[in-house]
Amino acid sequence: MELHSRDVKQDVRELGALLGDVLAEQTSDQSFETVEDIRTAAIDYRKGERESRAELDALLDGLDPDGESIVARAFTTYFELINLAEERERARVVRESSQAGELDDGLVATVETLVEADADADTVQRVLDDVLIEPTFTAHPTEARRKTVKAKLRSIASRLEELDERRLTDREHDQLWRKVDAEVTSLWQTSQVRERRPEPQDEARNIQWYLESILFDVVGEVYAEFEDLLAEEYPEVDVPKLFEFRSWAGSDRDGNPFVTTEVTTDTLERQRTVVLEKYSQALKRLSGVLSQDGRRVDAGADLERSLKADRARLPGVADEAEERYPGEPYRQKLKLMRERLRRIEDVRPDGYGEPEELLSDLEVIDGSLRSIGADAVADEYVEPLMRQVDTFGFTLASLDLRDHQKNHTEAVHEALAQEGIDYRDRDESGRVDVLTEAILQDEPVIDFDSPGDVSETAARVLERFEMLGEWQREFGVGAIDTYCISMTEEPSHVLEVLFLADQAGVVSLPDHCGIDVVPLLETESALNGARRIMGTLFENEAYAQALAARNDVQEIMLGYSDSNKENGFLAANWDLYKNQRRLATICDDFDVQMRLFHGRGGSISRGGGPMNEAMLALPNETVTGQIKFTEQGEAIAEKYANPQIAERNVEQMLNAQVRARHQAIREPEEDVREEWLDAMDEMAATARAQYRDLLESDGFVTYFGQATPIGVIENLNLGSRPASRSGERTVEDLRAIPWVFSWTQSRCIITGWYALGTGIETYLENGGDLETLQEMYEEWPFFRTTLDNASLALARTDFDIATYYADLADDELREAFFPHLREEYERARDVVLDITGQDSLLRREWLDESLRRRNPYVDPLNLLQTHLLDQEYRTDDEEQTLRLTVKGIAAGMKNTG
């Protein structure tokens, strides 16, 4: 059976031709010819048919400002369309592989893996009971596209799907293609560059769209398929809750003064309204299905009792329901349920108090339907809705609060100073003692209503904690129950948050603790000091009581971004691996269950890469079943914008976590050979020293500023959060996203490979052998994933293009750094190929093909960008074009930061 009528080559060819037609119509034939000449010259050079880029350089140098703008828009729009073509191809592959039973990391494979491992039903039940996967969407400014542009692209994507998957007459085909033509024309006429910086509410709405439009439906489908497959092999196993979605959008305050308590309140209200409307619509659809005649079927005593309780609760509505649906008990029940949903946000009483109440009503309907032989109806319509309620609750996504530790410290100091308590001048032990005593005593120490004369920073922190209690009372504890502390370095940084929550009434020990307090360990000193930090907390009387109230589960967040920026790619990955094992040991020593929260970014340099592979590469000791990780920027759109691809990603995550947890049960401690650990210690230490030497070299920060478009990126309206913590241009102060983004734009992606080659070569020169490294690659998931990710960063690096950026720097700085960077690149490339035994850096053929398809079209944007960067003075129009080249290169590289 043919599932599709098109392929990626046809999509690329026809979309490219359509864009050319639109370009000619909207500008001029001359502009079209100029773009074609540039495109042809770039392709010919990449094919080896031209010895240099001289003709391409000349064409770009000859453009006037209007011509530059047209070229930038043409190639940027091309990549937006080609990304849709490749997304469609991914969807094709998923459907075709599923049909052929060839998805080796899908749900079928998940069950097959358990069967092949001879897992019995009790073991499978234990695995599933342990698993909880928590993707956490952040608002970090790595999404380069405007919301308006994304909406137009989604419309084009839906037309491509229809063209590909529907059997169309010629007339229907032409009608659809005319719609694509109209959308591409509109896209061309739409500004690609934001005129204003997005507000936190914009970012929250963006995340909300993926949750309500895609994932809400996908989750129910994944559960349904997984239950069916599991029942064939393990009929006695029950599938518990496996997913929970969380968000930082509208609640992450770290370095973002625009995220206020009003923003968080608005986000919570809007998300609740959205999810309640989704449930109401689902119940209305269900009412159209459950038209059973109560005189012909016995709906059962449970449903009758439930209806009776509703009649007592809502007598007027019950009368209306009986009058409208006489003799139809299910429809009467559903009308009453919809009324109770409406009253959640109403001043009238008797709305649902908790999601569990709605779930209980659905369970009654589900059981009743099964009792009358309507299992098919229950499976198709009720069970997925029950899964949605269990997953999304009344919040859509639970919010995490986050702020920098220094702000909490300042707030505690100032609040306690108002009470005559000196906190700032105490040492760490003294601070811990003061906080512990205050948390354990019954009476509050500080007055949130009258905090006294405190700074703006302290006032914002105190207001937030006071509002936390209000939010939990209004929206439920589960709506906002996690507080993450950036740059945690000391136990007191964690106790400060517990103290403030206690003073606000969110914590009342020993019986109640309304939040998980989550230290974010992201610096080398924090990671290496994990035992001191966490051990002190676990031994602390107040904190131990808080943990007990949270079922002895300790969430710990690991920062991939700043760790990489501080230590370099290889050393950061090794530090994270070692310290995950160390944290697991610490938690085990204190009989605490650990939930790791992986702060991964979209790029390889910030912990990105295939999530399922990353989950399988985690040390066995850390795989407790519960896992949390960030999803951000363009990675969200790539994973979740298309329902078929979103479903595939959710399935892959489930497959990886089930397999990883089962493996951890069978082998609680990962058996890693000592010589491998020693090899990594040596390679990472050398790599760290080499990387730090680069960062600390005189003039490097200046070179970075001159040889990358960081100055443009800092002023882009990508997100609501500022690009640096203090506005200073230093590597330490600069946020990891613009740091990685800048190197990616210049095609010199040092953040994904620098010092890797030196580290490995030094190991080999000191007596190590290549065979050991090859064994590590073949047998150790951590090492294999690390090298594969480095390979991807190496493959995306292009030193021919990077040369243009290096030439923007002062001659002395260029000669001091660029040849060295090239040598490091070549060294890393060579050792990676030697270890992997491959001829190409990319082991995925489709990725290699995609890169070859994209490179000739990215080149003109890179060259145009360097041309504009080299100008001492730029007009407003040229500044706009320069910003557009950043968007275009990001689309072409499919990566920002």
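Quick caveat: nothing in here was measured; it's all calculated off a predicted structure.

Moving on: the nonpolar core. Grouped burial of nonpolar side chains is what soluble globular proteins tend to show. Formed by 120 residues in total, the largest nonpolar core has its most connected members in Met-683, Tyr-703, Trp-753, Trp-780 and Phe-783. By residue number, the principal contributor to this core is helix 4 (residues 65–100), which donates eleven residues. Filtering out sequence-adjacent residues up to four positions away, Tyr-703 remains in contact with Trp-743, Ala-806, Ala-809, Leu-813, Arg-814, Phe-817, Phe-818 and Leu-821. Residues Tyr-223, Leu-276, Ile-627 and Ala-664 belong to the second largest nonpolar core, which totals 84 residues.

Time to look at the pattern of salt bridges. Enumeration according to the criterion identifies 77 salt bridges in this entry. Of the charged contacts, one joins Glu-36 and Arg-39 as a salt bridge, the two residues approaching to 3.0 Å between their closest N and O atoms. Linking Glu-36 with Arg-39, this pair stays in helix 2 (residues 29–47), spanning three residues, or about one helical turn. A salt bridge links Arg-370 to Asp-375, with the shortest nitrogen-to-oxygen separation between them at 3.6 Å. You can call Arg-370 partly exposed: its relative accessible area is 28%. Looking at Asp-375, the relative accessible area reads 34%, which means it is partly exposed.

Next up on the list: the side chain of Lys-333. With respect to the helices and strands, Lys-333 occurs in helix 13 (residues 329–342). Those residues within four positions of Lys-333 in sequence are excluded, and the remaining contacts are Leu-303, Ser-306, Leu-307, Asp-310, Asp-361 and Ile-365.

Quick look at the packing of aromatic side chains now. Per the stated rule, a full pass over the model turns up 33 aromatic pairs. Seen from their ring centres, Tyr-78 and Phe-79 are 5.6 Å apart, and the 70 degrees between their planes marks the pair as edge-to-face. On the basis of relative accessibility, which here comes to 0%, the residue Phe-79 falls in the buried class. Taking the centre distance of 5.9 Å and the plane angle of 85 degrees together, the rings of Trp-739 and Trp-743 count as edge-to-face. One end of the pair, Trp-739, and the other, Trp-743, are both in helix 31 (residues 736–745), four residues apart, so they sit about a helical turn from each other. Summarising the burial analysis for this pair, Trp-739 and Trp-743 share the class buried.

In contact at an axis separation of 8 Å, helix 11 (residues 301–313) and helix 14 (residues 355–371) are set at 145 degrees when each is read in the N-to-C sense. Two packed elements cross with a definite hand, and for helix 11 against helix 14 that hand is left-handed. Counting all contacts with helix 11, which are made through Asp-302, Leu-303 and Ser-306, the residues of helix 14 involved are Asp-361, Val-364, Ile-365 and Ser-368. Here the residues of the contact of helix 11 with helix 14 are counted per class, giving three nonpolar, two polar and two charged.

Position of Gln-405 among the secondary structure elements: in helix 16 (residues 405–418). Assessed through its relative accessible area of 13%, Gln-405 is described here as buried. Side-chain polar atoms of Gln-405 contact the side chain of His-493, separated by 3.1 Å. Those residues in contact with Gln-405, other than ones at most four positions away along the chain, are Ile-485, Ser-486, Met-487, Thr-488, His-493 and Glu-496.

How each quantity is defined
- Starting from 1, residues in each chain are numbered consecutively following that chain's sequence as written.
- Local features in this predicted model are restricted to residues whose pLDDT is 70 or higher, and side-chain atom pairs enter the listing and the counts only when it is 80 or higher, whereas totals over whole chains, interfaces and linings include all residues.
- Hydrogen atoms and water are omitted, and side-chain values are computed over all heavy atoms in the structure.
- Here, nonpolar core means buried Ala, Val, Leu, Ile, Met, Phe, Trp, Tyr and Cys residues that are tied together by side-chain atoms lying within 4.5 Å of each other.
- Think of it in three bands: with a 1.4 Å probe and only protein chains considered, a residue is buried below 20% of the maximum accessible area for its type, exposed above 50%, and partly exposed in between.
- Comment: elements are numbered from the N terminus, with helices defined as DSSP H or I runs of at least four residues and strands as E runs of at least two.
- The contact rule is simple, with two residues in contact once any of their heavy atoms fall within 4.5 Å.
- Criterion for a salt bridge: a side-chain nitrogen of Lys or Arg within 4 Å of a carboxyl oxygen of Asp or Glu.
- Geometry of aromatic contacts follows a simple scheme: Phe, Tyr and Trp rings, the Trp one being its six-membered ring, pair when their centres are within 6.5 Å, and the pair is stacked under 30 degrees between planes, edge-to-face over 60, tilted otherwise.
- Comment: axis = line fitted to C-alpha atoms, over the contacting stretch for helices; angle = value between 0 and 180 degrees taken between N-to-C directions.
- Note on convention: the crossing is left-handed when the near helix lies turned anticlockwise from the far helix by less than a right angle, right-handed when the turn is clockwise.
- Classes in brief: Ala, Val, Leu, Ile, Met, Phe, Trp, Tyr, Cys and Pro nonpolar; Asp, Glu, Lys and Arg charged; the others, Gly included, polar.
- Definition of a polar contact: a pair of N or O atoms within 3.5 Å, with one able to donate and the other able to accept a hydrogen when the atoms are protein atoms, and with sequence-neighbouring residues admitted only if both atoms are side-chain atoms.

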